[in-house]
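# Coordinate inspection notes
These are the residues of each chain, in order.
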Amino acid sequence: MELELFDRGVRLVLAGVAVTAALACGIAWRRRAVGPVAVGVALGGLALLALVAEQLLARAIAATLPTETAWNDWRWVLESPWSRSARAAGIAAAAAVLLLALRDTARERRPVRRATLLLLRGGACCGALVLFLAPALEVRQVAREPNRIAVLVDDSRSMSIAETTGGPTRADRAAAAIRASQAAFAAWRTTRRVDFFTFSDGLLPVSETELALSRPARGDATLLGEALQSLRARYEAHELAGIVVLSDGIATGKLAEDAAGAATTELLTGLDAQVHTLFAAEGTLRDLAVARLDVDELAFARTVQTVEATITATGLPTQEVPVTLRRDGVVVRETRVTVGGNRESARVTFEVVPERVGQQVLEVSVPLLAGEAIATNNARLAVVRVTRDRLRVLQIAGRPSWDVRALRGALESDPNVDLVSFFILRTPDDIQLVPPEEMSLIPFPTDELFGQELGSFDVVVMMNFEPGPYGIAPYLDQLARFVVGGGGLAVVGGDLAFSSGGYAGTPLAALLPVTLLPDGPAAAITSTSEFHPVVPALGQRHPILAFRLDPRENLARLASLPPLEGQNLVAGPGPGAQVLLEHPTLRTRAGLPMPVMATRDHGAGRTLAVLTDSTWRWGLVAAGREGDDGRAHATFWDRALRWLIRDPDLDHLRLEPDHTAYDPGVPITLAARLYGADYLPAAGATVDVELGLATADTPPTWRAKLTLDADGHAHAAPPTLAPGAYRAVARADLAGHAISATALFLVRAESAELSRPAADDALLRQISSATAGQFLGAASSLPLDLPFAPLRVVRVDRRLEIELWSEPMILLLTLGLLMAEWTLRRSSGLL
Amino acid sequence: MSPTRRGLLLGLGAAALLRPTRNARALGESSRFRIAELRLPGLGPSPRPRALARLLWEIDKRTSIDVGLERVELRLGDDTLFHHPLLYLAGDRAFPLPPPRELERLRRYLALGGLLLVDSAEGRIGGPFDTSARALLAAAAPTGAAPLAPLPADHVIFQSFYLVEAPTGRLALSPELEAIEHDGRVVAVHTQNDLGGAWARDDFGAWEHECHPGGERQRELAFRLGINLAMVALCLDYKTDQVHVPFLLKRRRWKVP
C-alpha cells in the first residue's frame, strides 16, 4: 500500500511556507535584519524537515507492513489518555515554549546561530508533542460500499432553444456533453454507481442512452431546487456521492423566487452533497419577449385600471420597440420602450378605463423581430373581470315627497351606491318673492344629464317626473339608447308620471313595461284609493320581490306589508312585460288586473315601472308595526336596482368556469345554471355550450349540449386546449326567447418557461459555490477527476496500529535536541 | 361622482326653468306633505294651533311640494304616528317624560326615519318647556346618536332651499339651532325662538304675534327656515351633494362685499 501521510494540500502549504521563508530571509538579509532572518530560516527549516520526515516515515512504515494482507486504508489515531482540552493545553504549551525561545534568542545577533537555536527548540517541542499526544497510524484492510453519483439533465422547454438559427439547441448541447463524458462515467463506475435523471416540472429517472439522444425538451417549468430536494430524499445520508447538473441555468420555482435568499442557501447546504454544474448553453440568443403581465383579475368599470408589462430583450442592440395593449382584440393603447444593449428589460405601464362591465381579454404584445429565437413569448394574455365599484344611480324627482326621501335615504346609506339626485324644488307656478341670490336653487341641468353624462350611470330612476317642461323630450331617444345599450330605467308613479306626465306617444313610452293611456282628466288616468296589491305567481318568485328565500314565507311577508295608496292607470302590460304586482280591484280596458309593478327586458337593458308613489310605506310606516324592521322598502329597491343592472346573481342563465386561468393540460370545468321564466330551476332543460378563441373571429372549436339536473345545473368538460384566451357561450330558450351567457377563461402559455429565454450561468455558479462543487462552464464533457464524497466503509477485515510515540528513538531524539539546544545557548552566552 | 361630471354640473346659471302649469293632484292623501303636531300628556293645548297651517300654505305656494293643509294632531301611541315622517312639538310649560313604552316608540320613530321639530313658545331661554324638551330628546335619542348640539352655519338646514343666515322665529333669543344627528341624518331639531309664533295667523288673516326685534323681515326669515326644514325632511341632505357645494359657495361669495 502506498502511504501518503500528508495530503496534497498540506504538502503544498508546507512547501509554500518553506519558499516564502526563504524569500523573506533573502530580503531580510539584504536589509541586515537579523531577527527576521533567523525566524525565516527556522520556519523554512521546520517546513522542509516536516516534508522530509513525512516521506521517510511513510516509506519506513510501508516497508514494515506485512505483505500477506492487502492493506487499503489507513488513518491517524491518538492513543494518549488525555482529554481534548488537555491535548489543546499541551499544544498551547508547546507553542508558548517556541515563543519564549523566540524572545530568549533575541539577543543573539548571529542569524545562523539563532535559527539553529530555534530549530532545535522547535524540533524538541515536536518530539515532546509526539510523546504527549501518542499518535499512531492505524493501517486497515476494509471493505467499501460504492455510493452514487446523480447526473441531472435539464428537460424544460427552455432547453429547446437554439441560440443561433440552425445551431444546436441547449438540449443538443447537453446530450453531446453526455455522449462525450462516457470516459468519465466509466471511470466513476469503477468505484461508484451513476444514476441519470431529467428534471423540469418533476424529477424522472432515465438511462444514459436516453440522455445521449437529442430529445425535444417538454417541461413547462425548471424546478431545479425542487428536483435537488427530491433527489436528496431518494438516497440515504451517505449514499449520495455528489450531483452533476447540466442546465441552461433558467430556473423557475423555489430557486427563481429567492435566488439570493436564506431559503436558497438553506436548501443548497441541506443537500449535504457537492453539486457540480455544466452550463449547456451559450449567451448569443436573440429574443424580444413580454416577460410579465401584471394586471388585477378584478377591475372596476369607469375606474382607472393599471396594466403593467415587463419587456425583455436578449442579444438585441439598443432599439425602440412598440408595445401594444389590446382589449378583446381591439387596440386600446400603444407606447414605445427602449430595450436592448445594456438595458435587458423595461417596464411599461398602461392606464385604461374599462367602460363595460363583464369579462375582458387583455393582451400586451411586442412585434416579432427577424432572427428571434422564440416567437411565442411576444404576447401575453390576461382575463379580467370588470365589475362596478359602486352602482351609479341618477335619481330625478318631479317634486320632493316622502317616496323620494325614502329612496334617497335608502340609496345614500348603501355604500355600494353612488347617488346623484336632482329634485325639482320650485316651479314657475310657485310664488317667487325672494331674490335668486338668497336661494340655493340651481337650474335643471338637462343637457349635462341627458345629453352628455347619461352613459356614466348604471340606472336612472325617474320619480313622479314630467320630462316635457325641462326640455328632456329631445333627449328621450338617447334615454332609449341608454336602455338598449344595457342601462337600467325605473319609472315611479305619481301625478306627474306616466300618462299624467305626458309619456304617452314619446320614446319613453316604448321603453316601459306597460302600455299607457292617452293623457286625459286626472280621474281617468289615476286612482287614489288605498289597496293591498295582489302578488301573481311570477311576482312571488321574482328576485325583485324576494324578501324571503322560502316562497311561502315570502308571500306572507308581502302580504304583511302596509297597503299602498294611489295608482297610475295604464292600458295594460306592455309587450314582453312581467307583471309583479297587480291591483286587487282595478281592471284594464281588456278586463285584466291593473298592473302595479311590471318589468321588461329592452335590448341589453331593463326597465321597471312602479305605478304608485307610495312604496315608501314599506319603510317607515311598516316600521311602526310590531315586529317589522321597516327594511322592506330598502330591500325592494336594492334588489330592483341589482335586477336592472343584470346583476349576475339574478340572471336566468349563468355559465362559469371553475377557474379564470388554467395551466396547460389542467382539466377545465364549465358550470351552467338555468332558471326558467318563473325563476324556478329549469330541470331537464337543455343548454348549448360552444367554445372558441376569444381573441380571434373564428368558428367555435368545441360544442356540447347539456341537460340540466333537478337543481337546474349541469357541467361540461371541454377537451385539453392549447394556450390562449377562450370564450364559452351558453345558449338556452327562456319562454320562447333565446338567452345566452358568456364566460371567458385563459389557458396559460408555457408558464414562465420561455418568458426569459436567455441562458444564465449565475445560478449554476451559485449552486456549485454553495455546495463546494465545481462550476464547469460550457464544458463539452465532464472531467474524470470531479471530486465526490468518499466511499463509505462498511467492514474492517484487519487492522494494524503502528505507534510512533513508543519508538525509543523519539525520546532519545527529543532529549538530544534539548541538550544540543542547551549547549548551544550556553556557548552563546544566553544562559 | 366623477370630477368631470361634477365639473359639468357646476357651471350652470342661477335661474330656475319654467314648466307649464299643471294642477297638482296627489295619487293619495298619504303622499301629500304634512306636518303633524305632537301632543304629550301634561303639555296642555298647543300654544300655536294655527302656525303649521300657515307654514304649509307658504310651502305650497313657494315650492313644488304637494301639501296637505289639514291640521293633524297626534300622540305617541297613535297608530298613524309612523305615517307622518315630520312631527312638530310646541309648548310653553314643563311636561313629564312620556311612559317608557311611548318613549321607546318615539326613539324607534326617530331611528327609522322620523324627524321631530321642537319649538319653544315660552319667549325666554331655558324655560320649563325647554328643560322638559331637552330631557325628552335625551331620553328618546336613538342609540348611538350624537347629543343635542348647535348646528354649524353651513349645515344643510340653512341652505336646503333658502340661504338662511340666522335661525330666528318670533324672537331672536338664541342665535343657534340645536339638533340631534344619527347616521348622518338630522332626527330632531330644537329652537327657542318660537318659530310657530312667527308663522301663526288668525282666521282673519292677521299675524297673531309681532316679531321682535326684526319685524316682518324676521317673520320672513322664520318662514324661510320652516321651508328649509320641510325640504330637509323630504330631501334629506340633498343640498350638500357635492354637485351643489361649489354653486352654493359661489352664491355666498356674491354676498360678501
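This one's a predicted model, so the numbers in the text were calculated from it and none came from an experiment.

The rules behind the values
Residues numbered from 1 in each chain as written. Chains lettered and ligands numbered in written order. Predicted model: local features only at pLDDT ≥ 70, side-chain atom pairs only at ≥ 80, totals over all residues. Helix = DSSP H or I, 4+ residues; strand = E, 2+ residues; numbered from the N terminus. Buried ≥ 20, exposed ≤ 12 C-beta atoms within 10 Å, placed from the backbone. Contact = placed C-beta atoms within 7 Å. Core = buried A, V, L, I, M, F, W, Y, C linked by C-beta atoms within 7 Å. Expected span 1.5 Å × (residues − 1). Axes fitted to C-alpha atoms, helices over the stretch in contact; angles between N-to-C directions. Parallel < 35°, antiparallel > 145°, perpendicular 65-115°, else oblique. Left-handed = near helix turned anticlockwise from the far one by under 90°. Nonpolar A, V, L, I, M, F, W, Y, C, P; charged D, E, K, R; others polar. pLDDT = per-residue confidence, 0-100. Pairing = 2+ DSSP bridges.

### Notes on the overall build of chain A
Helix and strand counts for chain A come out as 21 helices and 35 strands. For chain A, the residues scored as buried account for 42% of the 831 residues in total. When contacts within chain A are restricted to residue pairs at least 6 apart in sequence, those whose partners lie at least 24 apart make up 75%.

### Points about the overall build of chain B
Helix and strand content of chain B: seven helices and seven strands. Starting at the N terminus, the α and β elements of chain B follow one another as α-β-α-β-β-α-β-α-β-β-β-α-α-α. Burial status across chain B gives 48% buried among its 257 residues. Put simply, 78% of the contacts in chain B that link residues at least 6 apart link residues at least 24 apart.

### Structural notes on the environment of Asp 294 of chain A
All names here are of chain A. Relative to the helices and strands, Asp 294 resides in strand β8 (residues 287–294). Looking at Asp 294, the number of C-beta atoms within 10 Å reads 14, which means it is partly exposed. Separated by 86 residues in the primary sequence, Asp 294 and Arg 380 place their C-alpha atoms 10.0 Å from one another.

### Topic: the nonpolar core
Counting residues in hydrophobic clusters, the biggest one holds 149 residues, and the most contacted among them are Val 459, Val 461 and Ala 490 of chain A. The biggest single contributor to this core is helix α6 (residues 215–235) of chain B, with 11 residues. Setting aside residues up to four positions removed in sequence, Ala 490 of chain A forms contacts with Val 459, Val 461, Leu 608, Val 610, Ala 640 and Leu 644 of chain A. With 100 residues, the next largest nonpolar core counts Ala 289, Leu 381, Leu 653 and Ala 694 of chain A among its residues.

### Focus on helix α2 (residues 51–62) of chain B
The end-to-end C-alpha distance of α2 of chain B is 17 Å, a good match for the 16 Å that 12 residues give at a rise of 1.5 Å each. Inspection of α2 of chain B places Ala 51, Leu 52, Arg 54, Leu 55, Leu 56, Glu 58, Ile 59 and Arg 62 of chain B among the buried residues, and these make up the whole buried set.

### Looking at the packing of helix α2 (residues 34–64) of chain A against helix α4 (residues 111–133) of chain A
Residue and element names in this part refer to chain A. Where α2 contacts α4, the axes come no closer than 8 Å and their chain directions differ by 40 degrees. The angle between α2 and α4 falls in the class oblique. Pair α2 / α4 crosses with right-handed handedness. Facing Val 34, Val 37, Ala 38, Val 39, Val 41, Ala 42, Gly 45 and Leu 46 of α2, the residues of α4 in contact are Pro 111, Arg 114, Ala 115, Leu 118, Leu 119 and Gly 122. Here the contact of α2 with α4 is built from residues that sort into 11 nonpolar, two polar and one charged.

### A closer look at the confidence of the model for chain A
Predicted confidence across chain A gives a mean pLDDT of 87, with 99% of residues reaching 70 or more. By mean pLDDT, helix α9 (residues 254–257) of chain A is the weakest element of chain A at 74, and strand β19 (residues 488–492) of chain A is the strongest at 97.

### Some remarks on helix α11 (residues 402–412) of chain A
Because an α-helix packs 3.6 residues into every turn, residues spaced three or four apart end up facing the same way. Most of α11 of chain A sits inside the fold, with 10 of its 11 residues counted as buried. Buried within α11 of chain A we find Trp 402, Asp 403, Val 404, Arg 405, Ala 406, Leu 407, Arg 408, Gly 409, Ala 410 and Leu 411 of chain A. The secondary structure elements touched by the buried residues of α11 of chain A are β16 (391–397), β17 (417–423), β18 (459–463), β19 and α19 (632–644) of chain A together with α6 of chain B.

### Here's the deal with the environment of Ala 685 of chain A
Residues and elements named next belong to chain A. As for its position among the elements, Ala 685 is in the loop between β29 (670–674) and β30 (686–693). Ala 685 sits 22 residues away from Thr 707 along the chain, and the two C-alpha atoms are 5.8 Å apart. In contact with Ala 685, not counting residues within four places along its chain, are Leu 674, Leu 708 and Ala 732.

### Points about unusual backbone geometry
Pro 213 of chain B follows His 212 of chain B through a cis peptide bond whose omega is 5 degrees. Relative to the helices and strands, Pro 213 of chain B resides in the loop between α5 (195–199) and α6. Of note, the phi angle at Asp 328 of chain A is positive, near 50 degrees, even though the residue is not glycine. Mapped onto the elements, Asp 328 of chain A comes out in the loop between β11 (319–327) and β12 (330–339). Here Asp 328 of chain A falls in the partly exposed class, since 17 other C-beta atoms lie within 10 Å of it.

### Topic: the sheet that holds β17 of chain A
All names here are of chain A. On the basis of which strands lie adjacent, the open sheet formed by seven strands has the order β17-β16-β18-β19-β26-β25-β24 and mixed pairing. With one partner strand each, in any of the chains shown, β17 and β24 (578–587) form the two edges of the open sheet. In this sheet, neighbouring strand axes are inclined to one another by 15 degrees on average, regardless of whether the strands run parallel or antiparallel. The pairing of β16 with β18 spans five bridges and is classified as parallel. Residue Leu 394 lies in a different strand from β18, and its bridge partner there is Val 460.

### A word on the packing of α11 of chain A against α19 of chain A
Residue and element names in this part refer to chain A. With their axes 10 Å apart at the nearest point, α11 and α19 run at an angle of 70 degrees to one another. Regarding the angle of α11 to α19, the classification is roughly perpendicular. Residue-level contacts link Ala 406, Leu 407 and Ala 410 of α11 to His 633, Ala 634 and Trp 637 of α19. Considering only residue class, the contact of α11 with α19 consists of five nonpolar, one polar and no charged.

### What to know about the pairing of strand β6 (residues 240–247) of chain A
Residue and element names in this part refer to chain A. Within β6, eight of the eight residues are buried, which leaves it mostly tucked inside the rest of the structure. Two elements, β6 and strand β7 (residues 275–279), share five bridges in a ladder whose sense is parallel. Looking at the pairing, Val 244 lines up with His 276 of β7.

### What to know about the sheet that holds strand β35 (residues 792–803) of chain A
By definition, the strands of a sheet pair up through backbone hydrogen bonds, in either a parallel or an antiparallel sense. All names here are of chain A. Here we have three strands laid out as an open sheet, ordered β1-β2-β35, and antiparallel in their pairing. Two strands lie at the open edges of the sheet, namely β1 (73–78) and β35, each paired on one side alone. The average angle at which neighbouring strand axes cross in this sheet is 30 degrees, direction not considered. In terms of strand pairing, β1 meets strand β2 (residues 135–145) through six bridges, oriented antiparallel. Among the inter-strand pairings, Val 77 is bridged to a residue of β2, identified as Ala 136.

### A short note on the confidence of the model for chain B
Residue and element names in this part refer to chain B. For chain B, the average pLDDT comes to 86, and 84% of its residues sit at 70 or higher. In the model, residues 1–24 has pLDDT below 50 throughout and makes 43 contacts with residues more than four positions away in sequence or in other chains. Scored below 50 in pLDDT, residues 253–257 makes two contacts in the model with residues more than four places away or belonging to other chains. The ipTM, which scores confidence in the relative placement of chains, is 0.88 for this predicted complex, and the corresponding pTM is 0.60.

### Comments concerning the environment of Arg 144 of chain A
Residue and element names in this part refer to chain A. Residue placement: Arg 144 occurs in strand β2. Spatially, the C-alpha atom of Arg 144 lies 6.1 Å from that of Leu 791, the residues being 647 residues apart in sequence. The contacts of Arg 144, once residues within four sequence positions are left out, are Leu 791, Arg 792, Val 793 and Val 794.

### Brief notes about the pairing of strand β3 (residues 148–154) of chain A
Residues and elements named next belong to chain A. Of all seven residues that make up β3, six are buried, and the element is covered over most of its length. Pairing between β3 and strand β4 (residues 193–199): seven bridges, direction parallel. Residue pairing in the sheet places Ile 149 in a bridge with Val 194 of β4. Bridging between β3 and β6 involves six bridges; their strand directions are parallel. Across the sheet, residue Arg 148 finds its bridge partner in β6, namely Leu 240.

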